[in-house]
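# Descriptive structure summary
Listed here are the chains, written in short residue letters.
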Amino acid sequence: MTKPQFISPLTQAHFSIEKDDNKKHKKTVVKRDPNHARNEAKRARLEAESIEEQRLTNLLFGGSNVAGDNVTSAAWYDEDDDGEMLTRGGDTEDYGDDEEELGGNHGVLFQIDRKGADVEGINGNEDGDVGGEEDEDVNENDEDSSQKGGQTSAWVDEDDENLTISLQKMDRVRKLRSSLAEDLVTGSAYEEKLRERYQTTMSATSRTDWAKLPQSSDDDESYDSEFEENNYTATKLLSSTASLLSNTRLQPNILNIVRCPDANVGHYNNSTLNAVNFHPGSDEDEPLLLTAGLDKTLRFFKINGSEAGEKIHGVHFPHLPIHCASFLGNTGNVVVSGRRSFFYIYDAVAGKMDKIPRIQGRKEKSLEKFTTSPEGNLIAFIGNDGYIVLVEAKSKMWVADLKMNGSARAVSFSPDGQFIFASGSDGEVYRWDIRTKRCVDRFKNEDGTISSFLSVSNKFTAVGAESGVVNIYNNSIGQSFQNRSPLKSIMNMHTSVDYMKFNPNGDILAMSSRREKDSLKLVHMPTQTVFSNWPTSKTPLSYVWSLDFSPGSKFMAIGNDKGRCLLYKLSHYHG
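Turning our attention to the environment of K396. Locating K396 in the fold gives a position in the loop between β19 (387–392) and β20 (397–403). A C-alpha to C-alpha distance of 9.4 Å links K396 and D354, two positions 42 residues apart in sequence. From its side chain, K396 meets the backbone oxygen of K394 in a polar contact 3.5 Å long.

This is how it looks when you write it as structure tokens:
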């Protein structure tokens, strides 16, 4: 009697199984082999291994669990598949219903289901009993949860109810108490307190309401009515930007800021970067930036934020180490000055250079500090003996002198260009009307020391002193400065305040000092608080000499003593 042969799908090795035909064998005289016992043990071990391998094969690929059956039968079969089978060679053929001609499913490893399982059978209705009592319980629980209007948890730990947590033993969980006497809570109550704490703290820095799912419609509504409702919702959403602008205010404490490649990568200054300035009329997404320093070179860069700034061109001034440079309003002209009695006005569009050898009627030997009006029609130089010298940008001629007590140290125009502010060694702040050239307001800075810098926005006036104190005053139009106290005194600076700048909308005040390394702070003006998360001890600021905000406040440029122009992106203004 021949032994049935089969091939193991795992090893592709041939095995045979001997069937016991329960016949009596004739007695024969067999010569004893001295290694007979060892060979028998080896044969038994191999046979056991083959049977175990066959069992594992049946578990993986299906088939009979009894050795000797048709072990090559299909692992799974569906009568509705019209005989579509996957053969061992990988070819698919349609055998139809003539299984007898093929001798069964010989040589078939799999059959592919092209129709999917019967939904009714899976649910345990008519054709199958898959659902059972457990599924009915689950459905009942789902119905209960849906009736309550909430969503079921993906996973629930039953042991949470048996836990008991003390809210007074550990300092980090004391904040979760509803009252001072509250101590022991269950695991589920502890989880709920953690969730409430997270939602409360996150709402102060970022919005999470966008993640809430919309309310589900009633089950009795038809498809058409649901489609019309969704259509109406989409139309209502897209017809107005009110929902998008509902939370446009800058949040305090945490500032979302990202460092970009340096604006002047590949073209670093060979000395201190004394001036950085964005063109106020350039594109908000790709603004135009100028840099200048003691290496006597003025450079222009196009900023995009994702890559290094693209250098447009540069201008070298052989006899002028540049201390100050600024655009003249929305025009393409740039004012460049230093510790010289002359200054330049460079037309970046036409490439024309105008040198003004001296201001008529003045004897200043240094014009290193100046500021320009927002419209670009006036230039205010800090002169000698407490004078503020006004020069008309178009004619390059002297216009007027504004006199203050003591020496002038700081000067700034109001955003509307109607007033000019100045302060200096006497610690008093002056405000002049540009049209009448008369001082309309004057008050004493409460710090009591020499004022070192001024910056003005639509709502506030910031006065920095050599002591490091920055006082914030209200700047309401038509309101007198006399006998006024500061709204807030910021004392985060340890040395003299050498530079301050409001961003275009007045939400952020940047202040820095050249006398201490990494000395830069950003103030949230609606709350008059300093941002706590930036800069950090690892922020590579070095000694900050200049800074500026781009139009729309999307970028902030910082010039340091190493000739680098650090560029940062303010994510809040990028939307």
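A large share of strand β15 (residues 343–347) lies buried, amounting to four of its five residues. Note that strand β14 (residues 333–337) and β15 share five bridges and pair antiparallel. Within the sheet, the bridge partner assigned to V335 lies in β15 and is I345. Here β15 folds back onto strand β16 (residues 352–356), and the loop between the two strands holds four residues, one of which, G351, carries a positive phi near 70°.

Right, let's talk about the sheet that holds strand β13 (residues 324–327) for a bit. Pairing in this open sheet of four strands is antiparallel, and the strands run β13-β14-β15-β16 from one edge to the other. At either end of the open sheet lies a strand with only one pairing partner, and these are β13 and β16. Between one strand and the next, the sheet's axes are offset by a mean angle of 15°, whatever the strand orientation. Sheet analysis places β15 next to β16, joined by five bridges and oriented antiparallel. When the sheet's bridge partners are listed, I345 is paired in β16 with D354.

Once that is clear, we can look at the packing of aromatic side chains. Within the structure shown, the criterion is met by ten aromatic pairs. Centre to centre, the rings of F342 and Y344 are 5.8 Å apart; their planes meet at 90°, and the pair counts as edge-to-face. There is no split in this pair, since F342 and Y344 are both buried. Ring geometry for F443 against Y473: centres 4.6 Å apart, planes inclined by 65°, an arrangement best described as edge-to-face. Taken together, the positions of F443 in strand β24 (residues 438–444) and Y473 in strand β27 (residues 470–474) put the pair 30 residues apart, joining distant regions of the chain. With respect to class, F443 is no different from Y473; both count as buried. One aromatic cluster in this structure is built from F300, F327 and Y346. Between K403 and the ring centre of Y387, over which it is positioned, the NZ or CZ distance is 5.5 Å. The ring of Y268 is capped by R564, whose NZ or CZ atom sits 4.3 Å from the centre of that ring.

This part covers the pattern of salt bridges. Scanning the entire structure with this criterion turns up 21 salt bridges. The partner of K396 in a salt bridge is D354, with the nearest N and O atoms 3.5 Å apart. Taken together, the residues K396 in the loop between β19 and β20 and D354 in strand β16 connect sequence positions 42 residues apart. Take K396: its relative accessible area is 26%, and that puts it in the partly exposed class. Owing to a relative accessible area of 24%, D354 belongs among the partly exposed residues under this scheme. Of the charged contacts in the structure, one is a salt bridge between E364 and R362, with a shortest N-O distance of 2.5 Å. Side by side, E364 and R362 carry an identical accessibility label, which is buried. Overlapping salt bridges, with partners in common, bring together E40, R43 and E47 in one network.

Leaving glycine out, the prevailing phi sign among residues is negative, and the prevailing peptide bond configuration is trans. Cis peptide bonds are those with omega within 30 degrees of zero, and the linkage from W534 to P535 qualifies with -5°. Looking at where P535 falls in the secondary structure, it is placed in the loop between β32 (529–530) and β33 (544–549). Non-glycine residue K437 carries a positive phi angle of around 60°. With respect to the helices and strands, K437 occurs in the loop between β23 (428–433) and β24.

The next thing to look at is the environment of H494. Within the secondary structure, H494 is located in the loop between β28 (488–490) and β29 (499–502). The exposure class assigned to H494 is exposed, which follows from its relative accessible area of 62%. The sequence separation of H494 and E466 amounts to 28 residues, and the corresponding C-alpha distance is 9.4 Å.

A few words on the side chain of D262. When you line up the elements, D262 lands in the loop between β8 (257–260) and β9 (275–278). With a relative accessible area of 6%, D262 lands in the buried category. Within the structure, D262 has its side chain in polar contact with the side chain of Y268 (distance 3.2 Å). Residues within four places of D262 in sequence aside, it is in contact with Y268, A308, G309, R564, C565, L566 and L567.

Relative to the 38 Å expected for 26 residues at 1.5 Å per residue, helix α1 (residues 36–61) spans 37 Å between its end C-alpha atoms, a close match to the ideal helical length. Among the residues of α1, S50, E53, Q54, T57 and N58 are the ones counted as buried.

One finds V470, I508, L509 and I558 to be the most contacted residues of the largest nonpolar core, which totals 34 residues. At four residues, strand β30 (residues 508–512) tops the list of elements feeding residues into this core. Those residues within four positions of I558 in sequence are excluded, and the remaining contacts are L520, W534, L541, V544, S546, L547, R564, C565, L566 and Y568.

If you walk across this open sheet you meet the four strands as β9-β10-β11-β12, and the pairing is antiparallel. Looking at the sheet topology across the chains shown, the edges are occupied by β9 and β12 (310–316). The average undirected angle you get between the axes of adjacent strands in this sheet is 15°. Two elements, β9 and strand β10 (residues 288–292), share four bridges in a ladder whose sense is antiparallel. Counted as the bridge partner of A275 is A292 from β10.

This part covers the confidence of the model for the protein. Confidence in the prediction for the protein averages 79 pLDDT; 69% of positions are at 70 or higher. This stretch, residues 8–28, has a pLDDT under 50; its non-local contacts, to residues over four places away or in other chains, come to 33 contacts. Below a pLDDT of 50 lies the segment residues 65–110, which in the model reaches 68 contacts outside its immediate sequence neighbourhood of four places, other chains included.

Conventions we followed
- Residues numbered from 1 in each chain as written.
- Predicted model: local features only at pLDDT ≥ 70, side-chain atom pairs only at ≥ 80, totals over all residues.
- Heavy atoms only, no water.
- Helix = DSSP H or I, 4+ residues; strand = E, 2+ residues; numbered from the N terminus.
- Polar contact = N/O pair within 3.5 Å; in protein donor to acceptor, adjacent residues only side chain to side chain.
- Buried < 20%, exposed > 50% of the residue type's maximum accessible area, 1.4 Å probe, protein only.
- Pairing = 2+ DSSP bridges.
- Axes fitted to C-alpha atoms, helices over the stretch in contact; angles between N-to-C directions.
- Phe/Tyr/Trp six-rings, centres within 6.5 Å; stacked < 30°, edge-to-face > 60°.
- Lys NZ or Arg CZ within 6 Å of the ring centre and 35° of its normal.
- Salt bridge = Lys/Arg side-chain N within 4 Å of Asp/Glu carboxyl O.
- Contact = heavy atoms within 4.5 Å.
- Expected span 1.5 Å × (residues − 1).
- Core = buried A, V, L, I, M, F, W, Y, C linked by side-chain atoms within 4.5 Å.
- pLDDT = per-residue confidence, 0-100.

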